[in-house]
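The chain contents come next:
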Amino acid sequence: CECGNSFDTKITLTEKVDKCLVRLSIDKSEVDLSGINLSVVAYVNVRAKCEREETTHAIMGGEDFIIKRKEIEYPKCIGVVEGSLPLSEEIEVDYVVNEIIMQRANAVVTSSVAGVGVVIVDGVVYFSTILLQSGEKKDIMVIRKSIPFRFEIECEEAMPNYLAQATAFIKTLKTDVSVDEEKKVSLLNVETVLRVEAECVSLKTMET
C-alpha cells in the first residue's frame, strides 16, 4: 500500500533574505508491524538555503588619491535547475517471498561536473528491504543493493570551467515481487524516481 501525509514546519530567520530554496529529505524511518496494522514514523529533514543581495561602495579613482588596484575573484550563481530520473533494478533471490515488510532508499551524489549546457550528476541509490520468507519457518530476510545512476540536467549557461554541485532525493519508491513456485525463486522489481537539483557557479573577476 502507499499513503501520504502532509506536514508543516517553520524556520526562523535572523536576517532578511532575498531568495530561499527549501529541500526535504527523510533522515530515518521506523516501522512497527502489529497484526494487520503497519505503523510508520518518518523523520523529515528540512533544509533552507537562503541568499541575500548586498550593495557595496568603493572609491575607484580621483585626484590626489593613492589607489592600489587589484583583481578579486568572486562566485556568481547562474541558477538552480532540477529534473526527475526514473530508475529500475531487478533483484533475484533464491527463495519464495511471502511479503515485503519494509523498504527504504537513499540517494547520494558522488560527483557533479559542469559541461556545455548541462550538469552531469553521478551518484548511487542505496536500497534495502526486509522480506518475509514463505514456508514453515517464515524467516525474515534482509536485502541490500547499490544502484548507480548518471543524470544530465540541461543548464543553458553551464560551461566546462564552471563549478557545479548537486543533490538527489527519493521522490517515489515501489517494489513488485514475482514468484516462481517451481524453481522456488523470487524476482524483485525495484522502481524509483529521483529528484535531482543542480547548481552552477562561475568564478568572475573584477578590478577594485
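Structure first, text after, so check above.
Numbers given for residues are sequential positions, taken from 1 along each chain in its written order. Given that the model is predicted, a residue must reach a pLDDT of at least 70 before its local features are reported, and side-chain atom pairs must reach 80 or more before they are shown or counted; all residues, however, enter totals for whole chains, interfaces and linings. By convention in this description, side-chain values take in all heavy atoms of the structure and omit both hydrogens and water.

Trainee: Help me understand the pattern of salt bridges in this model?
Mentor: Two side chains carrying opposite charge are able to pair once their charged atoms lie near each other. For this document, the term salt bridge refers to a Lys or Arg side-chain nitrogen within 4 Å of an Asp or Glu carboxyl oxygen. Applying the stated criterion across every chain yields a total of 8 salt bridges. Residue Arg23 pairs with Glu197 through a salt bridge whose shortest N-O separation is 2.5 Å. With Arg23 in strand β1 (residues 19-34) and Glu197 in strand β8 (residues 185-207), the pair connects residues that are 174 residues apart, well separated along the chain. By relative accessible area, which is 15% here, Arg23 ends up buried. Of the charged contacts in the structure, one is a salt bridge between Lys49 and Glu199, with a shortest N-O distance of 2.6 Å. Here Glu199 lies in strand β8 and Lys49 lies in strand β2 (residues 37-51), a separation of 150 residues in the sequence. Through salt bridges with shared partners, a single network forms among Glu15, Arg52 and Glu54. Strands here mean DSSP runs of E at least two residues long; helices mean DSSP runs of H or I at least four residues long; both are numbered from the N terminus. Think of it in three bands: residues with accessible area under 20% of the maximum for their type are buried, residues over 50% are exposed, and the middle band is partly exposed, with areas taken using a 1.4 Å probe on protein chains only.

Trainee: Any chance you could explain the sheet that holds strand β4 (residues 97-114) here in plain terms?
Mentor: Sheet strands line up and pair through hydrogen bonds in the backbone, either parallel or antiparallel. At least two bridges found by DSSP between two strands are what make those strands a pair. Read from one edge to the other, the open sheet built from 3 strands follows the order β4-β5-β6, with strand pairing classed as antiparallel. Lying at the two open borders of the sheet, with one neighbouring strand each, are β4 and β6 (140-154). Strand-to-strand, the axes of this sheet are offset by a mean angle of 15°, without reference to chain direction. Here an axis means a line fitted to C-alpha atoms, over the contact stretch when the element is a helix, while the angle between two N-to-C directions is reported on a 0 to 180 degree scale.

Trainee: Please explain the nonpolar core as it appears in this structure.
Mentor: When a protein is soluble and globular, its nonpolar side chains tend to lie buried together. Put simply, a nonpolar core is a bunch of buried Ala, Val, Leu, Ile, Met, Phe, Trp, Tyr and Cys residues held in one set by side-chain atoms that sit within 4.5 Å of each other. Ranked by size, the top nonpolar core spans 31 residues in total, and within it Phe149 and Leu194 carry the most contacts. Elements with a minimum of two residues in this core: β3 (71-93), β4, β5 (118-133), β6, β7 (163-180) and β8. If we ignore the near neighbours within four places in the chain, the residues touching Leu194 are Gly83, Ser84, Leu85, Leu87, Ala107, Val125, Phe149, Phe169, Ile170 and Lys171. In this analysis, two residues are considered to be in contact whenever any of their non-hydrogen atoms come within 4.5 Å of each other.

These figures come from the coordinates and say nothing about function on their own.
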